[in-house]
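Residues per chain are reported as follows:
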Amino acid sequence: MRILVVGGAGYIGSHVVKELLNTGYDVRVFDNLSTGQEINLFEKAEFIRGDILDVPALEKAMKGIDGVVHLAAKKAVGESMEKPDLYALNNLNGTINVLNAMVKEGVKYFVFSSTAAVYGMPEVEVLDEQTPLNPINFYGFSKKMIEDVLSWYDKLKGIKFVALRYFNAVGYDKEGDVKGLEKNPQNLLPIIMETIFGVREKMTVFGSDYPTKDGTCVRDYIHVSDLASAHELAFKYLLKSNESQVMNLGTGSGHSVKEMIETTQAVTKKKVAYEMGARRSGDPAALMAYSEKAKELLGWQPKHSSLENIIESTYRIYQKYF
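Structural notes, computed from the coordinates. The model shown is predicted, which means the values in this text are computed figures rather than measured ones.

Moving on to the overall build of the protein. Of the regular secondary structure elements, the protein holds ten helices and 15 strands. On C-alpha atoms alone, the protein measures out to a radius of gyration of 19 Å, which is about the 20 Å that the 2.2 N^0.38 rule sets for 322 residues. Principal-axis analysis of the C-alpha atoms gives the protein an extent of 55 × 40 × 40 Å. Looking at the protein as a whole, 57% of its 322 residues are labelled buried. Once local pairs closer than 6 in sequence are excluded, the contacts in the protein between residues at least 24 apart make up 78%.

If you want it as structure tokens, here you go:
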């Protein structure tokens, strides 16, 4: 089976490529390298440099393909509120271009990188796939809209999909094959690492009065290698069942911001300089995933997502740069 990984030079995409190669798939990567990096490319995977807004390039990349993983999207929450036009163009139009290229070339199987941001500010802390969707930023809205579009392309064009709603992706593969650091990171653990290594003088913890165990936000951190394995299992599921699904990917347990900082200090033996700040608008106190659907239908289990492993694997990569 030949898989096209759109956005396969990025942080999550390169881990997905590695998993697909290791499980026997032929892989072609399509990436414009705006955030993805050449250092993340694997020799065994064919690489085509191109943009999802370039329809002829997409159609060319789609030839001879059996399935698509789509990870190419703008994902900075704050930026999405300032530049909704950019996110509409890249996330919405870009995905529709991918789907139309699939239709033209007769490709039937699609695995989509969705997000817990589709839920917004839910009233419950542990979310399943039936939790109401109410995104509070344009990034989450764009992903929700794409899920809706996928349902229509299933009905009208026969494209079968699995949309994977990621919670907080963290860590690096244990072999260290993925070497590129995320550009302009927005997520907690890379910010902690940049603080350790002096890229940032200090970091800010936003909010100390949440109704959590230590007053800081709690999130469900899932190792990127566990995310990657779900993509490979999703193709097996689609081939066997020919049924579309939406699934959460998380561990079901949460760690607070302070816990992340304290565990990082314990693992790395380095001090994390931080200050307490006010709450950020739109930050729920706690978000965790109920992922039994992925476990039941895909046979998926997170195996690498202990907090210590997440931190150690990230620290090893940052040590190579600083």
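Relative to the elements of secondary structure, T264 occurs in helix 8 (residues 257–268). Ignoring sequence-local partners within four residues, the contact set of T264 consists of L189, I192, M193, I196, K269, V272 and I311.

Moving on, we get to empty space enclosed by the protein. The tally for this structure, following the rule as stated, stands at one cavity of 30 Å³ or more. Size it by volume and the largest cavity reaches roughly 70 Å³. Around the largest cavity sit Y11, A169, V170, G171, Y172, E182, N187, L189, P190, T314 and Y318, which together line it. The set of elements that each furnish at least two residues to the lining of the largest cavity consists of strand 8 (168–170), helix 6 (188–196) and helix 10 (307–319). Of the residues in the lining of the largest cavity, the class split is seven nonpolar, three polar and one charged.

Attention shifts here to the nonpolar core. One finds I12, L20, V27, V69 and I192 to be the most contacted residues of the largest nonpolar core, which totals 63 residues. Other than its neighbours up to four places away in sequence, L20 contacts I3, V5, Y25, V27, V69, E232 and F235. If you look at the next biggest cluster of nonpolar residues, it comprises 26 residues, including V6, F30, L150 and A163.

For the rest of this paragraph, the subject is the packing of helix 6 against helix 8. Here helix 6 crosses helix 8 at 45 degrees, and the two axes come no closer than 11 Å. Considered as vectors, helix 6 and helix 8 are oriented oblique to each other. Between helix 6 and helix 8 lies a crossing of right-handed hand. Here L188, L189, I192, M193 and I196 of helix 6 lie close against helix 8, whose contacting residues are V257, M260, I261, T264 and T268. Each residue belonging to the contact of helix 6 with helix 8 can be placed in one class, and the counts come to eight nonpolar, two polar and no charged.

What follows is about the layout of surface pockets. Volume-wise, the second largest pocket comes out at about 340 Å³. What lines the second largest pocket is a set of 19 residues, and nearest its centre among them are E19, S225, D226, S229 and H304. Contributing elements (two or more residues each) for the lining of the second largest pocket: helix 1 (11–22) and helix 7 (224–241). The greatest single-element share of the lining of the second largest pocket, amounting to six residues, is contributed by helix 7. Of the residues contributing to the lining of the second largest pocket, the split by class is three nonpolar, eight polar and eight charged.

With that settled, consider the pattern of salt bridges. Here the idea is simple: oppositely charged side chains can pair when their charged atoms come close. Counted according to the given criterion, the structure contains 18 salt bridges. R165 is the salt-bridge partner of E147, the closest N and O atoms lying 2.6 Å from each other. Here R165 lies in strand 7 (residues 160–166) and E147 lies in helix 5 (residues 138–157), a separation of 18 residues in the sequence. Judged by relative accessible area, R165 falls into the buried class, the value being 4%. Residue E259 is joined to K213 by a salt bridge in which the shortest nitrogen-to-oxygen separation is 2.9 Å. Of this pair, E259 sits in helix 8 while K213 sits in the loop between strand 9 (203–206) and strand 10 (218–219), and the two are 46 residues apart along the sequence. Judged by its relative accessible area of 61%, K213 is exposed.

We now examine the sheet that holds strand 4 (residues 67–70). Pairing is parallel across the open sheet formed by seven strands, whose spatial order is 3-2-1-4-5-7-12. Because the sheet does not close on itself, it has two edges, and the strands there are strand 3 (46–49) and strand 12 (245–249). When strand polarity is set aside, the average angle formed by the axes of neighbouring strands in this sheet is 20 degrees. Across the sheet, helix 4 (residues 84–105) lies against strand 4 and strand 5 (109–115), angled at about 170 degrees from strand 5, the strand it touches most. Together, strand 1 (2–6), strand 4, strand 5, strand 7 and strand 12 form the strand contacts of helix 7, whose direction differs from that of strand 7 by roughly 160 degrees.

Now for a nonpolar patch on the surface. Residues I39, V199, Y321 and F322 make up a contiguous nonpolar surface patch of about 370 Å² in total accessible area. Secondary-structure assignment places I39 in the loop between strand 2 (26–31) and strand 3.

About the cut-offs
Residues numbered from 1 in each chain as written. Predicted model: local features only at pLDDT ≥ 70, side-chain atom pairs only at ≥ 80, totals over all residues. Heavy atoms only, no water. Helix = DSSP H or I, 4+ residues; strand = E, 2+ residues; numbered from the N terminus. Rg over C-alpha atoms; globule rule 2.2 N^0.38 Å. Buried < 20%, exposed > 50% of the residue type's maximum accessible area, 1.4 Å probe, protein only. Contact = heavy atoms within 4.5 Å. 1 Å grid on protein atoms, 1.4 Å probe; cavity = no way out; pocket = protein on both sides within 12 Å on 5 of 7 lines; lining within 4 Å. Points joined across faces, edges and corners; volume = space filled by probe spheres on them. Nonpolar A, V, L, I, M, F, W, Y, C, P; charged D, E, K, R; others polar. Core = buried A, V, L, I, M, F, W, Y, C linked by side-chain atoms within 4.5 Å. Axes fitted to C-alpha atoms, helices over the stretch in contact; angles between N-to-C directions. Parallel < 35°, antiparallel > 145°, perpendicular 65-115°, else oblique. Left-handed = near helix turned anticlockwise from the far one by under 90°. Salt bridge = Lys/Arg side-chain N within 4 Å of Asp/Glu carboxyl O. Pairing = 2+ DSSP bridges. Patch = residues over 30% accessible without salt bridge, like charges linked within 9 Å, V, L, I, M, F, W, Y side chains within 5 Å. Areas by Shrake-Rupley, 256 points an atom, 1.4 Å probe, with all protein chains shown as cover.

Purely geometric stuff here, so don't read any function into it on its own.
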